[in-house]
Amino acid sequence: LRQWSFISPSVGKFESELPEARRGFPGAAPLDHWPHIFKDFKERGYSTLFSEDCPEFGSFNYRLHGFTEPPTDHFSRYFWEAAGKTSVHCIRSQPQHQIHFNYIRSFFEAYRQQPKFGLFFFTDISHNNLKSIYSCNSDFLALLRGLSEGNLLNDTLLIVMSDHGFRCGQTRAT
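Report on the accompanying structure. (Residues numbered from 1 in each chain as written. Predicted model: local features only at pLDDT ≥ 70, side-chain atom pairs only at ≥ 80, totals over all residues. Heavy atoms only, no water.)

A word on unusual backbone geometry
1) Next: In this model, Asn151 sits at a positive phi of 55°, which is unusual for a non-glycine residue.
2) Next: Of note, the phi angle at Asp155 is positive, near 55°, even though the residue is not glycine.
3) Next: Along the chain, Asp155 falls in the segment after helix 4 (137–149).
4) Next: When its relative accessible area of 57% is taken as the criterion, Asp155 is described as exposed. (Helix = DSSP H or I, 4+ residues; strand = E, 2+ residues; numbered from the N terminus. Buried < 20%, exposed > 50% of the residue type's maximum accessible area, 1.4 Å probe, protein only.)

With respect to helix 4
1) Next: When the terminal C-alpha atoms of helix 4 are compared, their 18 Å separation across 13 residues agrees well with the 18 Å that a helix rising 1.5 Å per residue should span.
2) Next: A positive backbone phi angle near 55° is found at Asn151, which sits one or two residues after helix 4. (Expected span 1.5 Å × (residues − 1).)

Notes on the sheet that holds strand 1 (residues 47–52)
1) Next: With respect to topology, three strands assemble into an open sheet ordered 2-1-5, the strand pairing being parallel. Only two strands of the sheet have a single neighbouring strand rather than two, namely strand 2 (74–75) and strand 5 (116–121).
2) Next: Pairing between strand 1 and strand 2: two bridges, direction parallel. Note that in strand 2 the partner of Phe50 across the bridge is Phe75.
3) Next: Taken strand by strand, helix 3 (residues 96–110) contacts strand 1, strand 2 and strand 5, and its axis lies near 175° from that of strand 5. (Pairing = 2+ DSSP bridges. Contact = heavy atoms within 4.5 Å. Axes fitted to C-alpha atoms, helices over the stretch in contact; angles between N-to-C directions.)

Brief notes about the side chain of Thr72
1) Next: Looking at the element boundaries, Thr72 is found in the loop between strand 1 and strand 2.
2) Next: In this structure Thr72 comes out as buried when scored by relative accessible area, which is 7%.
3) Next: At 2.6 Å, the side chain of Thr72 and the backbone oxygen of His74 are in polar contact.
4) Next: Contact partners of Thr72, with chain neighbours within four places excluded, come to Phe38, Thr48, Leu49 and Phe50. (Polar contact = N/O pair within 3.5 Å; in protein donor to acceptor, adjacent residues only side chain to side chain.)

Purely geometric numbers; function is a separate question.
Okay, here's the thing in structure tokens:
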């Protein structure tokens, strides 16, 4: 990986060490002035992206005041808020996960020769229904294969994580 020899001042901070940004707390303000790993990578010449498909549970907006300015070069929150859903997990008859996969692919293609740092969160499809995630398995495999076969993952660290899963109900006991 290119230029991973720096230590990010954003990493390792407790929320209590940062300016107040929690909803409902006195003096709370948006996150624009918080240190962010996005800023650290941007300063080192990386193209940056943050995308999550479920604005109502957004990492920086559910409990916090979010941003007044996009924190990355590519910030999809406004798209996902405006898109709405015409049916479960679809936007105008197109699977929501496929729209997100296309966005990932276009980011990798647009910055093929440039270092990039992106975080993508897929929440909507699995957050409240364990069975829904199966509908995108083959598409996810196709995305990973396409990125790999297109040499778009060269000099890349790709980390895949999942949502926390069910928090209550019978499924949790399995």
